[in-house]
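# Secondary and tertiary structure notes
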Amino acid sequence: MSAVPGNPRPRADPLVLDLPAEAASLVTVRRSLGRWLSAAEVTPDVVGALQVAVGEACANAVDHAYPPGTPGTMQVRVSVEPGGRVTAVVADHGGWRTPDADPGDRGRGLLIMHQLLEDVEISRRPDGTTVTLRVPARELPERATASADELAVLRIDRSAGVPCVRASGPLEDDAAAGVRLRLLEASRGGVVRTELDLDGVGHLGPAVVAAVAEVAAIGRANGWPLRVVSAATQPRAALARAGVPLADD
């Protein structure tokens, strides 16, 4: 199969691994994935990001899919499309366990996947869970980093049954990365119902509105609505235009 100029060489043979869902398999996944992606001419930064993200998805299957002491399997399938996008699918045949609202020192795998890659999709079925990861083969999506000062105005309150991100002051466009990160952190990568309290915020920049709308869409895909509380006129109107419902609508 000939290469498309400027794109990695499409692979007619996807990488397919069928392995025991045990910790020893994680090294096999990482090494096999690295060799296969490099042969497909995927750029090194994307290779590294996929190794981390696929490794996190596999680790979730190892840690959570099957009851302790019960053997199980996980499957990994990776392909490079002719247009130059990599799709990696990690599947198990166990049960989905919703993460605790308070993660403690663990459970940041889904957050890491969302930070690294273009698209993360989770499909939960009675006979197992499938995680689908997509990213351009030539470059990682641009993810602005949040400074300590930007994160300081965004606090995660876990004192109630539902985690809530509470914001204070105006949130202009330079706060978008922090808003996205805090919402994904509170929702455990998009799978735990979360609230956003903007009662102390008088103005939202367009990039912040887009970040809230993105996480709201991730929540809907995982079966929960992002509950947003806001009393100020501008945030309410901006979020409504973006399709984000307010708590009292």
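Residues numbered from 1 in each chain as written. Predicted model: local features only at pLDDT ≥ 70, side-chain atom pairs only at ≥ 80, totals over all residues. Heavy atoms only, no water.

## Points about the packing of helix α1 (residues 24–39) against helix α2 (residues 44–65)
Where α1 contacts α2, the two axes come as close as 10 Å, and the packing angle between them is 150 degrees. Comparing their axes, α2 and α1 come out roughly antiparallel. By crossing handedness, the relation of α1 to α2 is classed as right-handed. Where α1 approaches α2, its residues Leu26, Val29, Arg30, Leu33, Gly34, Leu37 and Ser38 are matched on the opposing element by Val47, Leu50, Gln51, Val52, Val54, Gly55, Cys58, Ala59 and Val62. Looking at the contact of α1 with α2 residue by residue, the classes come out as 11 nonpolar, 4 polar and 1 charged. (Axes fitted to C-alpha atoms, helices over the stretch in contact; angles between N-to-C directions. Helix = DSSP H or I, 4+ residues; strand = E, 2+ residues; numbered from the N terminus. Parallel < 35°, antiparallel > 145°, perpendicular 65-115°, else oblique. Left-handed = near helix turned anticlockwise from the far one by under 90°. Contact = heavy atoms within 4.5 Å. Nonpolar A, V, L, I, M, F, W, Y, C, P; charged D, E, K, R; others polar.)

## Points about the sheet that holds strand β6 (residues 154–157)
Taken in spatial order, the 4 strands line up as β6-β7-β8-β9 in an open sheet, and their pairing is mixed. A single partner strand is all that each edge strand has here, and the edge strands are β6 and β9 (227–229). Averaged over all pairs of adjacent strands, the angle between their axes in this sheet comes to 20 degrees, without regard to strand direction. (Pairing = 2+ DSSP bridges.)

## Brief notes about the environment of Gly190
By the secondary structure assignment, Gly190 is in the loop between α5 (176–186) and β8 (195–200). A sequence separation of 76 residues divides Gly190 from His114, and the C-alpha atoms of the two residues are 8.8 Å apart. Not counting chain neighbours up to four residues away, the residues in contact with Gly190 comprise Leu184, Ile218, Gly219, Asn222 and Trp224.

## So, helix α7 (residues 233–241)
Those residues of α7 not exposed but buried are Pro235, Ala238 and Leu239. Projected down its long axis, α7 carries its buried residues within an arc of 95 degrees, all on one side. For α7, the exposed residues lying more than 90 degrees away from the buried face are Thr233 and Arg241. In this structure, the buried residues of α7 make contact with β8, α6 (206–221) and β9. In the stretch just after α7, Gly243 is the one whose phi turns positive, near 85 degrees. (Buried < 20%, exposed > 50% of the residue type's maximum accessible area, 1.4 Å probe, protein only. Arc of directions from axis to C-beta.)

## Quick word on the packing of helix α3 (residues 109–116) against α5
The relative placement of two packed helices is expressed as an angle between their axes plus a distance between the axes. Contact geometry for α3 and α5: axes closest at 9 Å, N-to-C directions at 150 degrees. Between α3 and α5, the angle is such that the two are roughly antiparallel. Judged by the sense of rotation from one axis to the other, the crossing of α3 with α5 is right-handed. Contacts between α3 and α5 involve Leu111, His114 and Gln115 from the former and Arg180, Leu181, Leu184 and Glu185 from the latter. Looking at side-chain class alone, the contact of α3 with α5 contains 3 nonpolar, 2 polar and 2 charged residues.

## Quick look at unusual backbone geometry
Here Glu41, not a glycine, exhibits a phi torsion of approximately 65 degrees, which is positive. Judged by relative accessible area, which is 34%, Glu41 ranks as partly exposed.

## Digging into the environment of Pro44
By the secondary structure assignment, Pro44 is in helix α2. With relative accessibility at 70%, the residue Pro44 sits in the exposed group. Taking C-alpha positions, Pro44 is 9.2 Å from Glu139, a pair spaced 95 residues apart along the chain.

## Let's talk about the confidence of the model for the protein
Regions with low pLDDT should not have their predicted coordinates read in detail. Per-chain confidence: the protein averages 84 in pLDDT, with 86% of residues scoring 70 or above. No element of the protein has a lower mean pLDDT than helix α4 (residues 148–152), at 70, and none a higher one than strand β1 (residues 15–20), at 96. The model gives residues 1–5 a pLDDT under 50, and that stretch makes 7 contacts with residues more than four places away or in other chains. (pLDDT = per-residue confidence, 0-100.)

## A closer look at the sheet that holds strand β5 (residues 128–136)
Spatial strand order, β1-β2-β3-β5-β4: 5 strands in an open sheet with antiparallel pairing. The sheet terminates laterally at β1 and β4 (119–125), the two strands that pair on one side only. Direction aside, neighbouring strands of the sheet carry axes that sit 10 degrees apart on average. When β4 meets β5, the two strands line up antiparallel, connected through 7 bridges. Its bridge partner lying in β5, Arg124 is registered against Thr129. Lying on the sheet, α2 is in contact with β2 (73–80), β3 (85–92) and β5; it crosses β3 at an angle near 10 degrees.

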